[in-house]
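Structural characterization, general
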Amino acid sequence: MRNEKTGKTATAMMLVVMGLATALPQAAAAETVLRIGMTAADIPRTLGQPDQGFEGNRFTGLTMYDALTMWDLSSADKASVLLPGLATEWKVDDADHKKWVFKLRPGVKFHDGSDFNADAVVWNVEKVLKKDAPQFDASQVGVTASRMPTLVSAKKIDDLTVELTTSEPDSFLPINLTNLFMVSPAKWQKFFAAASGADAKAKAQAAWDAFARDASGTGPWKMSSFTPRERLEVAKNENYWDKARVPHVDKMVLLPMPEANARTAALLAGQIDWAEAPAPDALPEIKQRGFVIYSNEEPHVWPWQFSRVEGSPWNDVRVRKAANLCVDREGLRDGLLGGLMVPATGTFEPGHPWRGNPTFQIKYDKAAAQKLMQEAGYGPSKHLAVKIQTSASGSGQMLPLPMNEYLQQPLAECYFDVQLDVIEWNTLFTNWRRGAKDPSANGANATNVTYAAMDPFFALVRFLQSSMAPPVSNNWGYINNPKFDELVTKARTTFDPAERDKVLADLHAASVDDAAFLYVAHDVAPRAMSPKIKGFVQPKSWFVDFSPITMTQ
C-alpha cells in the first residue's frame, strides 16, 4: 500500500512540476513572494463575499477586505476573540434591543483611494439585503445573509456612525458581522456606469463581473492579478489603516490544488511554499526534507448532519446514538490521519464554556451501538441503508473521501449499509443551503459538510433552530425541536456574556443528548511550509493572519 501511494505521489509530483513550471512567477531578486496551494478546486470568488466556505473567507475575504468586526488571530495559545475592525465600538440600544449603533474608524481608504464611511456600510448591507438596490447581487446573498439572518437594514446617522436593525433582539449580531466584507461603492459605481446591458439588472451583473477582476476593499492585501480557476495574486497594501498589520511579504500567490498528493508534490518540488492539508502518508518525507508542519486544534467539527424529514432513517434517536458509538475516532486519528485530528464528542469538548454536561457520552462502544440498533429493529440479517453526500476535497473537509470510506467498515459492523454520493466541494456547499428536501440532495439522508464553531450562531444556532431551515440558513436536515428553539431564543436575548454562556452550554448539552450529528473529528488545520517562511502564527481559528509572515531568501 505504501509503495502504491508513493507511486501516486511521484506521478502527481511530475504532473504538478510540469504544469507549474510555466505557471508560477519567478520572483524578482528584491521581491518576496509567498505561494500557497489551497484545497479548493477554484479560486474563491473575489467580489467581496467569497464562496468555497470559510476557505474563501480565509484567502479572498480577510486578505483583500475588512468587516466592521474581526477576529484576533495573533495567538497560538488563546482562543480567537472578537475585535474592532472597521468599527471601533458598538452598543445595543438600551430601549430597543433590535437596534445597534456602530462607530466607524476614521481615515480608512479603499484600495482605489475612495473613503470608507457610513454611506459605504449602508451600501454594503444593501448589496445583499435590499432587492431593489442597484448594487443588489443575488449571487452574494446565499453566502452572506444565511450568516447574519436577523440583520434587516442599515441607516446612516452621520459619516462615522451607522444604525443597524435586526428582525428580533440578537446578541450575536457583532459576531455575525465578521462575515460582511466592505467593498468600494465608488469602484463598483465606476464599472456600473461603463457597463452595457439591456436593463439596470444586467448592467449591475456586468459591474460585479468587472469588479471581481479588479477588486477594491480596505484589506491588508490588494488584488494584483487574477486568472479564474488558475491563480490569484495579491500584493501588500502599504497604506493599510493598521500599520502593525501591513504585510511583510510583497506578494502572495494563491493556487487551487484540491488533491492532497498534488499539493504535497508541489511543495516537495519547490513549486509552492505552503501546502494546506498535506497528504498524511507523506508527513515523514515532508519533515525529513526540512519542511515545517504546523497544526493547532481549531473550532471546527467534521460531522454527518442528519436529515430529519419524514421518512428519514435518522429520525430514531437510537439509530443516531448507535452511529456515534460505532466510530473508533482514536483509530481514525492514529491511523489514516497520522495523528492530525482531535476526536469529537460534541461540537465543544470538556473545558469549553459552551460544553455543558451532556448525559450521552460519545465514545467507541460497538456492543452498545449494536444493542441500540437491535432495539431499533436492525441486526446481522437486516441492515439499515443510509446515503451520505460528501466531497472529494474542500475547505475544512480534511480528507473527506478516505475518512468516509473508513467510517463505512465500523458502521457496517453496527448494521449500517453506507452509500457515498461524492460531488464537487462547492456544489456540496451550495446544496447545504438548499436542504435535505431539495432534489440536489440526490436521495441522501445525511450531508458531510464541516463547520466552524467559533461563535454561537455558526456552532449551534444555524443547525438547531427550526427557523434556520433552508433557505434561511444551514439547518439542512430540518431539525424541529422545541427545546432547542426555546434555548436559542433565550441565548439571543441574553446580553450578559456570562449568563449567555450558561444558556449556550445547556443548548449544546441538549444537542449532544439528542445525537443531533454524527460527531467525528475536530480538525487541527495541518499545513506544511518551506523553512523560508518565518513569523507565522497558527491560531486556534479557521482563519490565519498572513501579515506577520516573512520570507527568507
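Summary of the structure given here. Note that the structure is predicted; figures quoted are calculated from it, not measured. All residue numbers refer to positions counted from 1 along the written sequence of the respective chain. In view of the model being predicted, local features appear only for residues whose pLDDT reaches at least 70, and side-chain atom pairs are presented and counted only at 80 or more, with totals across whole chains, interfaces and linings using the full set of residues. Heavy atoms throughout the structure, all of them, feed into the side-chain values; hydrogens and water do not.

1. Thoughts on the overall build of the chain
Heads up, the rule is: Per the convention used, a helix needs a DSSP run of H or I reaching at least four residues, while a strand needs a run of E reaching at least two, with both numbered from the N terminus. Here the globule rule reads 2.2 Å times residues to the power 0.38, and the radius of gyration is calculated from C-alpha atoms. In what follows, residue pairs with any heavy atoms lying within 4.5 Å of each other are defined as contacts. Surface accessibility follows the Shrake-Rupley procedure with a 1.4 Å probe radius. Residue values consider only the protein chains on display as shielding. Under the convention used here, Asp and Glu are negative, Lys and Arg are positive, and both His and the chain ends fall outside the count. Charged groups are reduced to one reference atom each: NZ for lysine, CZ for arginine, CG for aspartic acid, CD for glutamic acid.
Along the backbone of the chain there are 17 helices and 22 strands. For the chain, the C-alpha radius of gyration of 23 Å lies close to 24 Å, the compact-globule estimate for 553 residues. Each principal axis of the C-alpha distribution contributes one length, and for the chain these read about 70 × 60 × 50 Å. Contacts in the chain between residues at least 24 apart in sequence constitute 70% of all its contacts with a sequence separation of at least 6. As displayed, the chain offers around 21,000 Å² of accessible surface, 52% of which is attributable to carbon and sulfur atoms. In the chain, 59 side chains carry a positive charge and 63 a negative one; their mean positions are 1 Å apart.

2. Description of helix 2 (residues 53-61)
Put simply, the rule is: The buried label goes to any residue with under 20% of its type's maximum accessible area, the exposed label to any with over 50%, and the partly exposed label to all in between, with areas taken from a 1.4 Å probe on protein chains only.
Here helix 2 lies mainly inside the structure; nine of its nine residues are buried. Regarding helix 2, the residues found buried are G53, F54, E55, G56, N57, R58, F59, T60 and G61.

3. A few points about the environment of K109
Spelled out, the test is: Two N or O atoms form a polar contact when they lie within 3.5 Å of each other; inside protein one atom must be a possible hydrogen donor and the other a possible acceptor, and for residues adjacent in sequence the pair counts only when both atoms belong to side chains.
Within the secondary structure, K109 is located in the loop between strand 5 (99-104) and helix 3 (118-129). By relative accessible area, K109 is classed as partly exposed at 46%. A sequence separation of 132 residues divides K109 from W241, and the C-alpha atoms of the two residues are 7.8 Å apart. For K109, the residues in contact, after removing those within four places along its chain, are S114, D115, G217 and T218. Polar side-chain contacts of K109 include one of 2.5 Å to the side chain of D115.

4. Quick notes on empty space enclosed by the protein
What counts is decided by this rule: Residues are called lining when one of their atoms sits within 4 Å of a cavity or pocket point, these points coming from a 1 Å grid over the protein atoms alone, where a cavity is a set in which a 1.4 Å probe fits but cannot get out and a pocket is an open set with protein on both sides within 12 Å along at least five of seven lines. Grid points are joined across faces, edges and corners, and a volume is the space filled by probe spheres set on the points. Gly is put with the polar residues, along with every residue not named as nonpolar or charged; the nonpolar set is Ala, Val, Leu, Ile, Met, Phe, Trp, Tyr, Cys and Pro, and the charged set is Asp, Glu, Lys and Arg.
Within the structure shown, the criterion is met by two cavities of 30 Å³ or more. The calculated volume of the largest cavity comes to roughly 140 Å³. Lining the largest cavity are 19 residues, with G53, R147, F429, W432 and R462 positioned closest to its centre. Elements that contribute at least two residues to the lining of the largest cavity include exactly helix 2, helix 14 (425-434), strand 18 (451-452) and helix 15 (456-464). Looking at which element gives the most residues to the lining of the largest cavity, the answer is helix 14, with four residues. Grouping the constituent residues of the lining of the largest cavity by class yields ten nonpolar, six polar and three charged. Roughly 60 Å³ of volume is contained in the second largest cavity. Surrounding the second largest cavity, F54, N57, L62, W71, T178, N179, F181, M454, D455, F458 and F543 form its lining. Of the residues in the lining of the second largest cavity, the class split is seven nonpolar, three polar and one charged.

5. Some thoughts on the packing of aromatic side chains
When we look at a pair of aromatic rings, we describe it by the centre distance and by the angle of the planes. Note the cut-off: For Phe, Tyr and Trp, rings pair up if their centres lie within 6.5 Å, where Trp contributes its six-membered ring, and each pair is then called stacked (planes under 30 degrees apart), edge-to-face (over 60) or tilted (otherwise).
Applying the stated criterion to the full structure yields 29 aromatic pairs. Between the aromatic rings of F110 and F116, the centroid separation amounts to 6.2 Å while the plane-to-plane angle is 70 degrees, which identifies the pairing as edge-to-face. Exposure remark for F110: the relative accessible area of 3% places this residue in the buried category. Judged by its relative accessible area of 3%, F116 is buried.

6. Overview of the state of the cysteines
Let me state the cut-off plainly: Note on terminology: pairs of cysteine sulfur atoms within 2.5 Å are recorded as disulfides.
Inspection of the entire model under this criterion finds one disulfide. Sulfur-sulfur distance for the disulfide between C326 and C414 comes to 1.9 Å. Between C326 and C414, the S-S torsion sits near 95 degrees, and that sign places the bridge as right-handed. On the criterion of sequence distance, the pair formed by C326 in the loop between helix 10 (317-325) and helix 11 (329-334) and C414 in the loop between helix 13 (400-413) and strand 16 (416-423) is long-range, its members being 88 residues apart. Across the pair, C414 and C326 agree in class, each one buried.

7. Observations regarding the pattern of salt bridges
This is how the line gets drawn: When a carboxyl oxygen of Asp or Glu lies within 4 Å of a side-chain nitrogen of Lys or Arg, that pair is called a salt bridge.
Within the structure shown, the criterion is met by 26 salt bridges. The shortest N-O distance in the salt bridge between K236 and D250 comes to 3.7 Å. Placement of K236 in strand 9 (residues 231-236) and of D250 in the loop between strand 9 and strand 10 (251-256) is noted, with a sequence separation of 14 residues between them. Residue classification places D250 among the partly exposed residues on the basis of a relative accessible area of 22%. A single salt-bridge network, built from bridges that share partners, covers E31, R231, E233 and K251.

8. Describing the nonpolar core
Here is the rule: Among buried residues, the Ala, Val, Leu, Ile, Met, Phe, Trp, Tyr and Cys ones that are joined through side-chain atoms within 4.5 Å form a nonpolar core.
Judged by nonpolar contacts, the single largest core of 102 residues is most densely connected at W304, W314, F416 and Y519. Looking at this core, the element that brings in the most residues is helix 15, giving seven residues. If we skip the residues at most four places from it in the chain, F416 touches W314, V319, A323, M373, H383, L384, V386 and L411. The next biggest cluster of nonpolar side chains, apart from the first, holds 37 residues, and it includes L34, A204, I533 and F546.

9. Section: the sheet that holds strand 5
So the rule is basically this: When DSSP finds at least two bridges between two strands, those strands are taken to pair. Axis lines are fitted to C-alpha atoms, over the contacting stretch for helices. Their N-to-C directions set the angle, which ranges from 0 to 180 degrees.
Read from one edge to the other, the open sheet built from four strands follows the order 4-5-7-6, with strand pairing classed as antiparallel. Each end of this open sheet is capped by a strand with a single partner; those strands are strand 4 (87-92) and strand 6 (151-158). Strand-to-strand, the axes of this sheet are offset by a mean angle of 20 degrees, without reference to chain direction. When strand 6 meets strand 7 (residues 161-166), the two strands line up antiparallel, connected through six bridges.

10. Some points on unusual backbone geometry
Here the residue pair P470 and P471 is connected by a cis peptide bond, since its omega of 10 degrees sits within 30 degrees of zero. Its place among the elements puts P471 in the loop between helix 15 and helix 16 (482-492). Its identity as a non-glycine residue notwithstanding, Q52 has a phi of 65 degrees, on the positive side. Within the fold, Q52 resides in the loop between strand 1 (33-38) and helix 2. For N442, which is not glycine, the phi torsion reads 55 degrees and is therefore positive.

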